[in-house]
Amino acid sequence: AKDRGRNRHEFFDEQMGAKSRDALLIEEALQQAIANNEFQLVYQPIVDARSRRLVKVEALLRWRTPTLGFVGPDRFIPIAEDNGQIISIGTWVVQEAARQARAWHSRPEGPIRIAVNVSAAQLVDPDFIDVVDRAIADAGAAPTELEIEMTERVLINEADTVVRVIDTLHEKGLSTSLDDFGTGYSSLSYLTRFHLRTLKIDRAFVNGIDQDERSLALVRAIIAMGHSLGMSIVAEGVETENQAGILAELGCEYLQGYLFSPPVPAEKLIPNVSAA
Ligand code: C2E
Ligand code: CA
Ligand code: CA
Ligand code: CA
């Protein structure tokens, strides 16, 4: 009943064109978050579908505040995107990922690539390439150690800018990927304009592959299409051995999900991840 009341309250606020009380509290707390060291990156392994070896990791943002406690990215990222705070937060994320990439230089198993999530507003920001360049240079990392993940949302607006940014990233040696494929707004024709290196199949599709024929057919088609465009494929949200087996069989190169590991702090990341 309490939840219903709160939802009604938020709905009412939004109807009035005002921000919800929650959103205002988050917005206010976000203003101090970087200065107060409240952000942390955690890293989720992405493994080779056949060998199960660690190939790269995805960096995911965590935020714990003294006043609000733990707030998940699904809650605060959209607010930061709306009010522009995502630019400074995103800069911190790129810098931190570059520092971590540099720290992993000296792993006995060799360097590891870190995929970083970037919001649409960040990617089309005129300073974005400079931010990336400087983060890599300041950290002493290699451009090949970073991958930029974007969702279909960035492909909708300012297409020319996005094409230029993607090309520039590739020229500099960074990699790129298209996140949450299948859940967004884009038409397939976007894929021919934006030459992203990797396609990530959203876990909504991965979930169903061992349950129903239609999900399986869809994932098979996505993999075939990605491959025909020269992209490699990551399946997200792999939770069962059965799913992993089917995906490997379908020729999906890389797997990510709780079956292998949840996102973990850098120091907990194990060198050669394999399913238990
Ligand atoms: P995403 O980029 O699609 O990230 C994958 C999400 O799925 C992560 O949630 C991850 O913890 C979760 N996940 C991974 N494996 C599994 C699994 O096997 N099963 C299930 N059910 N979930 C799994 P998280 O960390 O809460 O992040 C949520 C979203 O917040 C991300 O979705 C991304 O869109 C956004 N986000 C996170 N960090 C950043 C960031 O640094 N910058 C930006 N712009 N967005 C971020
Ligand atoms: Ca992602
Ligand atoms: Ca995703
Ligand atoms: Ca997502």
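Calculation rules
Residues numbered from 1 in each chain as written. Chains lettered and ligands numbered in written order. Predicted model: local features only at pLDDT ≥ 70, side-chain atom pairs only at ≥ 80, totals over all residues. Heavy atoms only, no water. Axes fitted to C-alpha atoms, helices over the stretch in contact; angles between N-to-C directions. Helix = DSSP H or I, 4+ residues; strand = E, 2+ residues; numbered from the N terminus. Parallel < 35°, antiparallel > 145°, perpendicular 65-115°, else oblique. Contact = heavy atoms within 4.5 Å. Nonpolar A, V, L, I, M, F, W, Y, C, P; charged D, E, K, R; others polar. Near = heavy atom within 4 Å. Polar contact = N/O pair within 3.5 Å; in protein donor to acceptor, adjacent residues only side chain to side chain. Areas by Shrake-Rupley, 256 points an atom, 1.4 Å probe, with all protein chains shown as cover. Donors = N, O, S within 2.8 Å, 3.2 Å for Na, K, Ca; no water. Buried < 20%, exposed > 50% of the residue type's maximum accessible area, 1.4 Å probe, protein only. Phe/Tyr/Trp six-rings, centres within 6.5 Å; stacked < 30°, edge-to-face > 60°.

**Topic: the packing of helix 2 (residues 21–33) against helix 3 (residues 73–83)**
Part 1 of the reasoning: For the pair helix 2 and helix 3, interaxial distance at closest approach is 10 Å and the crossing angle is 75°. On the basis of their axis angle, the class for helix 2 and helix 3 is roughly perpendicular. Contacts between helix 2 and helix 3 involve Asp22, Ala23, Ile26, Glu27 and Leu30 on the former and, on the latter, Arg75, Phe76, Ile79, Ala80 and Asn83.
Part 2 of the reasoning: Considering only residue class, the contact of helix 2 with helix 3 consists of six nonpolar, one polar and three charged.

**Let's talk about the site of ligand 1**
Part 1 of the reasoning: In the vicinity of ligand 1, 21 residues are found, and the nearest of them are Arg62, Ser119, Arg203, Glu239 and Tyr258.
Part 2 of the reasoning: A distance of 3.0 Å is found between an oxygen atom of ligand 1 and a side-chain nitrogen or oxygen belonging to Asp179.
Part 3 of the reasoning: Surface burial for ligand 1 is 84%, taken as the share of its 800 Å² of free accessible area covered by protein chains.
Part 4 of the reasoning: Elements with a contribution of two residues or more to the shell around ligand 1: strand 2 (54–65), helix 3 and strand 6 (175–181).
Part 5 of the reasoning: No other element matches the four residues that strand 2 contributes to the shell around ligand 1.

**A short note on the coordination of the calcium ion (ligand 3)**
For a metal bound by four donors in a tetrahedral arrangement, the ideal donor-metal-donor angle is 109.5 degrees, while six donors in an octahedral arrangement ideally sit at 90 or 180 degrees.
Part 1 of the reasoning: Protein-derived ligands of the calcium ion (ligand 3) are Asp179 (OD), Asp180 (OD), Glu236 (OE) and Glu236 (OE), with the metal-ligand distances lying across 2.2 to 2.5 Å.
Part 2 of the reasoning: Separating the calcium ion (ligand 3) from the calcium ion (ligand 2) is a distance of 3.8 Å, and Asp179 supplies a donor atom to each of them. One end of the pair, Asp179, is in strand 6; the other, Glu236, is in the loop between strand 8 (232–235) and helix 11 (241–249), with 57 residues separating them in the sequence. The same class applies to Asp179 as to Glu236, namely buried.

**Details of the coordination of the calcium ion (ligand 4)**
Part 1 of the reasoning: Around the calcium ion (ligand 4), the donor atoms from the protein are Asp180 (OD) and Asp180 (OD), and they sit 2.8 to 3.1 Å away.
Part 2 of the reasoning: Structurally, Asp180 is set in strand 6.

**Let's talk about the packing of aromatic side chains**
Part 1 of the reasoning: Going through the model one piece at a time under the given rule, you end up with five aromatic pairs.
Part 2 of the reasoning: Taken together, a centroid distance of 6.1 Å and an interplanar angle of 45° make the contact between Phe39 and Trp63 tilted. Placement of Phe39 in strand 1 (residues 39–48) and of Trp63 in strand 2 is noted, with a sequence separation of 24 residues between them. Considered together, Phe39 and Trp63 belong to a single accessibility category, that of buried residues.

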